[in-house]
Structures are given as structure tokens and as C-alpha cells.
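# Structural overview
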Amino acid sequence: MVEQSTTGTTGPVSAASGAVAAAPPSDTPLVIEDVTMAYGDFVVQEHLNFTVERGDIFIIMGGSGCGKSTVMRAMIGMQAPAKGRVLLDGQSLWEIDENARSLLLRRCGVVFQKGGLWSSMTLAENIELTLEQYTDLSRKEMREVSKLKLALVGLAGFEKFYPSEISGGMQRRAGVARALALEPELLFFDEPSAGLDPISSRLLDDLILELRDSLGATIVVVTHELASIFAIGSNSVVLDPVKKTQTATGDPRWLRDHSDNPDVREFLNRGEASGEQESAGNGGGGARGP
């Protein structure tokens, strides 16, 4: 799991608009070049190469413990890769100085597992904390922004609620509202559906699609949930926990049906196999032949 930061983003912003005063965005906002992630001598993943295009909902997927969240950490400025480059809008994130990196990361918003909200603050205060730290907005303007962002994710009227007073699915939505506070161009989600019931997971998937379509955001999602992968993913990378490298990239639906890698097909069809076994075990398949 990616660690929670207090705001999900770092660095200065324009007080007037909340926008980053930096180079214009490129058509390929995120490029991973021969990246290796490691903890000391222990290699988590290596030789990673993939590109996130503008407007993608890009899925980082693989079995539990394969290092999905660790790879994301390199993209959001939380852990430098042991080798390789992370290019954010054409700039090498880990080869520029700290101030330039903080400025560049203003273009990113992060939604942590379970929302990552501060439990002692209301939903509005969680959003306003980010605005207070990184803008010169007045208190009234911050209240207006927090109200707007909560309404954007379907939480109008919940400004004064505390995280403990709302459901898990609503907490995830509030986490999205906080990540949107400074109008990022890139949104990262770490296991957004973890622990949610199927209905809440589906509503969150719908919200992710709406954010891409209405705001033009580029979105990166760490998940292993097949329903979400096929519902929202337009591009993806598959990480292998044994080989410790990527085994495929592309549209997850195409990989499911056409990949020449049997491990990838098995991973993406595991729900169907489970369903067939359950049906057979319950006698639900009817006659099985002469």
C-alpha cells in the first residue's frame, strides 16, 4: 500500500488558479524507461518500460505482492527507482532538483487506499488543508472550492461530516475530492475498490470514467480487481511476481482474449475459471454430455 501523505501533493501553486506555472503538458504525460524498483538488494520489479498516453485510464495490475504500489511510488515522488527514469510531461522526475520535482508534482493528485482522510477533520476541512498549505485563497474561497469538489464526486451537503460518519464508498469519493483540490492533470488511485462491496466498487468505477470524460484527466489505477480492470481500463501493464518484470502491456480486454502469454491470459480469465468450477460444484451446469 502506498503511504499516505498529508495532502497527496507537494510544491508551490499559483494562488489565483491553483495551476502549476510550468511547461505545457505533453501528449504522453508519463513514460517509464527501464525502471527497476528495489529495497536495498531486494529487487521488486525490473526492466519496466511503458507509456501512459493523455486521456488513458491506465491499469497497473498483477497478483498480490508483485510490487504494483511500489511502482506507483516512483511515479508520485515517494520513492526513487534503483535504476531507470520516470518522465513526467517529458521531465525526468528523479533527475531534477527537489524544488523542480515539487513543482512538477503539482500536476498530480493521489487517492490513497481507503481514502486516506484525516479522521479528526470534516470532509471540507480535509480538502481545505491542501488549499491552505499550497494556495493564497481566502477562507471563504477555500470553503467554496471544497464544496465544489465534494459536489463533483456526489457528496454535496456532506461538507461537515467526519470520515467516521460516512460509508467506505463515500470515504473513497471524499478522497477523490481532496485529490482534485488543485485541479491535477494526472490522477493516481491505489487499490480504489479494496474492501468495498460490489455496488460501491461499481459506483467508484463510474466516477473514474466521469472524471476522465468530463475533466479530461489522465488516470493511473493500481488494482487486481477484474471487474474494475475491464470496466474502466483503456491501457495497462501486467507485472509478474515471479519473473519480477512486466509480461504484457495493452488494452486489458485485448490481452484477456489475445495475449500470447498463457500466464497473462490465466490472470485475466481467472474469474471465468472460478465461475465454471463453482457451477460444476453446484450442479448448475446441467447435463455434461453423454
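This text follows the structure it describes.
Small disclaimer: the values here were computed from a predicted structure and weren't measured.

## Brief notes about the overall build of the chain
In terms of helices and strands, the chain carries 10 helices and 10 strands. Across the 290 residues that make up the chain, the buried fraction comes to 48%. If you take every contact in the chain between residues at least 6 apart in sequence, the share linking residues at least 24 apart comes to 67%.

## A look at the pairing of strand 4 (residues 83–88)
Where strand 1 (residues 30–39) meets strand 4, five bridges bridge the pair, whose relative direction is antiparallel. The residue bridging Leu-30 from the neighbouring strand is Leu-88, located in strand 4. Pairing of strand 4 with strand 5 (residues 91–92), which is carried by two bridges, proceeds in the antiparallel orientation. In the strand pairing of strand 5, Leu-88 is matched with Gln-91.

## Quick look at the pairing of strand 7 (residues 186–190)
With five of five residues buried, strand 7 is to be regarded as a mostly interior element. The pairing of strand 7 with strand 8 (residues 218–222) spans five bridges and is parallel. What sits directly across from Phe-189, in strand 8, is Val-221. As a crossover connection, the stretch from strand 7 through helix 6 (residues 198–215) into strand 8 is right-handed.

## Looking at the sheet that holds strand 1
In spatial order, the strands read 2-1-4-5; together these four strands make up an open sheet with antiparallel pairing. The open sheet terminates on both sides in strands that have one partner only, identified here as strand 2 (42–52) and strand 5. Running over the sheet, helix 1 (residues 68–75) touches strand 1, strand 2 and strand 4 and is turned about 120 degrees from strand 1.

## Focus: the pattern of salt bridges
A side chain with one charge can pair with a side chain of the opposite charge if their charged atoms come near. All chains considered together, the criterion is met by 11 salt bridges. We note a salt bridge from Asp-213 to Arg-212, for which the minimum N-O separation is 2.5 Å. According to the relative accessible area criterion, Asp-213 is exposed, its value standing at 56%. A salt bridge links Arg-256 to Asp-257, with the nearest nitrogen and oxygen atoms 3.0 Å apart.

## Digging into helix 5 (residues 168–179)
With 12 residues, helix 5 ought to run about 16 Å at 1.5 Å a step, and its terminal C-alpha atoms sit 17 Å apart, in line with that. Summarising burial for helix 5: nine of the 12 residues are buried, a large majority. All of the buried residues along helix 5 are Gly-169, Arg-172, Arg-173, Ala-174, Gly-175, Val-176, Ala-177, Arg-178 and Ala-179. In this structure, the buried residues of helix 5 make contact with strand 6 (108–111), helix 3 (123–134), helix 4 (139–152), strand 7 and helix 6.

## Remarks on the packing of aromatic side chains
A full pass over the atoms with the stated rule returns two aromatic pairs. Both rings, one in Phe-50 and one in Phe-58, keep their centres 5.2 Å apart while their planes meet at 15 degrees; by these two values the pair is stacked. A relative accessible area of 5% means that Phe-50 is categorised as buried. Judged by relative accessible area, which is 1%, Phe-58 ranks as buried. Ring geometry for Phe-158 and Phe-161: centres 4.8 Å apart, planes at 50 degrees, overall tilted. Arg-106 extends its terminal NZ or CZ atom over the ring of Tyr-134, reaching a point 4.9 Å from the ring centre. Note that Arg-256 overlies the ring of Phe-230, its terminal NZ or CZ placed 4.5 Å from the centroid.

## Digging into the sheet that holds strand 8
Across the sheet, six strands lie side by side as 6-7-8-3-9-10; this open sheet has mixed pairing. The open sheet has two free edges, formed respectively by strand 6 and strand 10 (245–249), since each of these has just one partner strand. Across the sheet, the mean angle from the axis of one strand to that of its neighbour is 20 degrees, orientation sign disregarded. Across four bridges, the pairing between strand 9 (residues 235–240) and strand 10 is antiparallel. Paired with Leu-239 across the strands is Gln-246, a residue of strand 10. With respect to the sheet, helix 5 is in contact with strand 6 and strand 7, its orientation differing from that of strand 6 by roughly 165 degrees.

Cut-offs applied
- Residues numbered from 1 in each chain as written.
- Predicted model: local features only at pLDDT ≥ 70, side-chain atom pairs only at ≥ 80, totals over all residues.
- Heavy atoms only, no water.
- Helix = DSSP H or I, 4+ residues; strand = E, 2+ residues; numbered from the N terminus.
- Buried < 20%, exposed > 50% of the residue type's maximum accessible area, 1.4 Å probe, protein only.
- Contact = heavy atoms within 4.5 Å.
- Pairing = 2+ DSSP bridges.
- Right-handed = clockwise from strand over helix to strand, strands pointing away.
- Axes fitted to C-alpha atoms, helices over the stretch in contact; angles between N-to-C directions.
- Salt bridge = Lys/Arg side-chain N within 4 Å of Asp/Glu carboxyl O.
- Expected span 1.5 Å × (residues − 1).
- Phe/Tyr/Trp six-rings, centres within 6.5 Å; stacked < 30°, edge-to-face > 60°.
- Lys NZ or Arg CZ within 6 Å of the ring centre and 35° of its normal.

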